[in-house]
Amino acid sequence: MSDRAVSDRPVIDVDAGGVVEFTRALVRVPSTNDPGRRERAAAELVAARMREWGWEPAWYEVEPDRPNVVAVVEGGGGDGPTLMFEGHTDVVTEGDLAEWTVDPFGGEIRDGRLWGRGSADMKSGLAATLYATRALQLAGPFPGRIKVCALADEEGLMIGAHHFVAEGLAAGVDGAIVAEPEAGEICAVAKGALRLRVDLTGKMAHGAMPQHGRNPIAAVGPLLVGLAELQDELQRRHPAHEHLGEVYVTPTVLRAGSREQVNVIPATASVYVDVRTVPGVEHKDVADRVAALAARDGIAAEVTVLVDRPPVDVPVSDPVVAALAAAHRTVTGEEPVYGGVPGTTDGTVLTHWGGVPSVVYGPGGKWIAHQADEYVEVEDIVRCTRVFAEAARRFLNGDF
């Protein structure tokens, strides 16, 4: 069907007041990614709203107090594809309260902005996916179905997304829209993340008699130099990506010895490395190179992969990206701007382990996440809800 056939239709009516108030309710729940608060209360709020609309949410207890909530909304318009809307219920901690000028869990609206931890990242996006799906449902039958997912632990190890894939829930999903804050950009590419721990083992000895030991700290210096050289090499082999920038190999943590025993040569030392990659960089090759750099005479080296999230590179011609772009154009009257996710999202897991093409787009600024005085423009919440509803209609009807 042509673009004109869809663009001539009125934009789907959404409950603007409802999505804003639901975002406020979610922000007021401190579902932080730390022990003691967790996601249960936020997930219960999501599930309750789903049930109010007659949906039947499934509840998956990934870990205690860390559930995934998933509802499948059938369109009633015959067979068709399956679209997934994805958001996460956890937020990072509020940090130092002295840096905040508003209550981080107050959900205050002032100056056209909704303030609070998670307002942008990403409770507004999660609310928008629910209300967009509801709007499309009320607008009449549509082919296929929408799987609305509120997952746990995106800010940590992404156990919610991994559990979702492991349970087979990604099977049959044809495309996923991940509602992270991207300042209006359509992000079909995302940087990869590879986190390594390098453990160096020598031999403990008295500081007065170093000849009797093997000092692993001495191996740290050459390793750090080698990591910098590896970054330079990778940047030469993989030029800066249009949307993702450079490859980075960054040592972030050093551990060795004890300040209580400065006269002791330690037996072990550890270096933690955070690698950020672009499409084309093979993570296994990077890990192998780091292991080779760590090898030193007399010092045993072991490299452990802590996190392995490959980069995402979904073509802009993929139906889920094309439908979202067409929806953005229809709702805003502006040409879409394509960008990239500087970190990783649950979409990384969905695409690489679930085989689901994913695209990231949602209300809120790209750089406001995790900062004090986090906020989202109220108008942006409503705009994205309309875009999501239109994107779902186009994707499910094949109109993009």
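Going by the annotation in an unreviewed UniProt entry, the name recorded for the protein chain is Probable succinyl-diaminopimelate desuccinylase, with Actinomadura luzonensis given as the source organism. In its Catalytic activity (unreviewed entry) section, the UniProt entry covering the protein chain states "N-succinyl-(2S,6S)-2,6-diaminopimelate + H2O = (2S,6S)-2,6-diaminopimelate + succinate".

Which parts of the structure should I look at to understand unusual backbone geometry?
What you tend to see is this: most non-glycine residues have negative phi, and most peptide bonds are trans. Following Asp121, the chain continues into Met122 via a peptide bond in cis, with omega recorded as -10°. Counting through the fold element by element, Met122 comes out in helix 4 (residues 119–139). Residues other than glycine seldom take positive phi values, yet Met158 does so here, at roughly 60°. Topologically, Met158 is positioned in the loop between strand 6 (145–151) and helix 5 (159–166).

Help me out: how do you make sense of the sheet that holds strand 11 (residues 248–256) in this one?
Two modes of strand pairing occur in sheets, parallel and antiparallel, and in both the strands are linked by backbone hydrogen bonds. Pairing within the open sheet is antiparallel, and its four strands lie in the order 11-13-9-14. For this open sheet the edge positions go to strand 11 and strand 14 (300–309), each flanked by a neighbour on one side alone. Direction aside, the axes of adjacent strands within the sheet are offset by 20° on average. When strand 9 (residues 192–201) meets strand 13 (residues 268–277), the two strands line up antiparallel, connected through ten bridges. Residue Arg195 lies in a different strand from strand 13, and its bridge partner there is Asp274. Of the strands in this sheet, strand 9, strand 11 and strand 13 touch helix 6 (residues 217–237), which is tilted by about 170° from strand 11. Across the sheet, helix 7 (residues 283–294) is in contact with strand 9, strand 13 and strand 14; its angle to strand 9 comes to roughly 20°.

Teacher, can you tell me more about the nonpolar core here?
Burial of nonpolar side chains together is a common tendency in soluble globular proteins. Grouped together as the largest cluster of nonpolar side chains are 80 residues, with contacts concentrated most on Val46, Leu130, Phe164, Ile177 and Phe388. Of the residues forming this core, the biggest block, eleven residues, is contributed by helix 10 (residues 378–397). Setting aside chain neighbours within four positions, we find Leu130 in contact with Phe22, Val46, Met50, Trp53, Trp55 and Val148. Membership of the second largest hydrophobic core comes to 26 residues, among which are Val189, Leu227, Val247 and Val290.

How should the side chain of Asp90 be read in this particular structure?
Relative to the helices and strands, Asp90 resides in the loop between strand 3 (82–88) and strand 4 (109–110). Here Asp90 is buried and forms no salt bridge, its nearest opposite-charge partner Arg66 lying at an N-O distance of 4.7 Å. Polar contacts involving the side chain of Asp90 include one to the main-chain amide nitrogen of Asp153, which spans 3.4 Å. Of note is the side chain of Asp90, whose polar atom sits 2.9 Å from the backbone nitrogen of Glu155. Setting aside residues no more than four positions away along its own chain, Asp90 makes contact with Ser31, Asn33, Glu39, Asp121, Leu151, Ala152, Asp153, Glu154, Glu155 and Gly156.

Could you clarify how one ought to interpret the UniProt feature "domain: Peptidase M20 dimerisation" (unreviewed entry) in the protein chain in this entry?
According to UniProt, the feature "domain: Peptidase M20 dimerisation" (unreviewed entry) maps to residues 191–296 in the numbering used here. Between the first and last C-alpha atoms of residues 191–296 the distance is 31 Å; the span itself is 31% helix and 31% strand.

In this structure, what is going on with the sheet that holds strand 4? I would like to understand it.
Strand order in the open sheet formed by three strands is 4-5-18, with antiparallel pairing between adjacent strands. Looking along the sheet, the strands with just one partner apiece sit at the ends: strand 4 and strand 18 (375–377). As defined by bridge partners, strand 5 (residues 113–115) adjoins strand 18 across three bridges and the pair is classed as antiparallel. For Leu114, the partnering residue across the bridge sits in strand 18 and is Val376. In the packing of helix 4 onto the sheet, contacts are made with strand 5 and strand 18, and the angle to strand 18 comes to roughly 50°. Packed on one face of the sheet, helix 10 meets strand 4, strand 5 and strand 18 and runs near 65° to strand 18.

Cut-off values and rules
Residues numbered from 1 in each chain as written. Predicted model: local features only at pLDDT ≥ 70, side-chain atom pairs only at ≥ 80, totals over all residues. Heavy atoms only, no water. UniProt positions renumbered as here; feature names shortened; annotations may be inferred. Helix = DSSP H or I, 4+ residues; strand = E, 2+ residues; numbered from the N terminus. Pairing = 2+ DSSP bridges. Axes fitted to C-alpha atoms, helices over the stretch in contact; angles between N-to-C directions. Contact = heavy atoms within 4.5 Å. Core = buried A, V, L, I, M, F, W, Y, C linked by side-chain atoms within 4.5 Å. Buried < 20%, exposed > 50% of the residue type's maximum accessible area, 1.4 Å probe, protein only. Lys, Arg positive; Asp, Glu negative; His and termini not counted. Salt bridge = Lys/Arg side-chain N within 4 Å of Asp/Glu carboxyl O. Polar contact = N/O pair within 3.5 Å; in protein donor to acceptor, adjacent residues only side chain to side chain.

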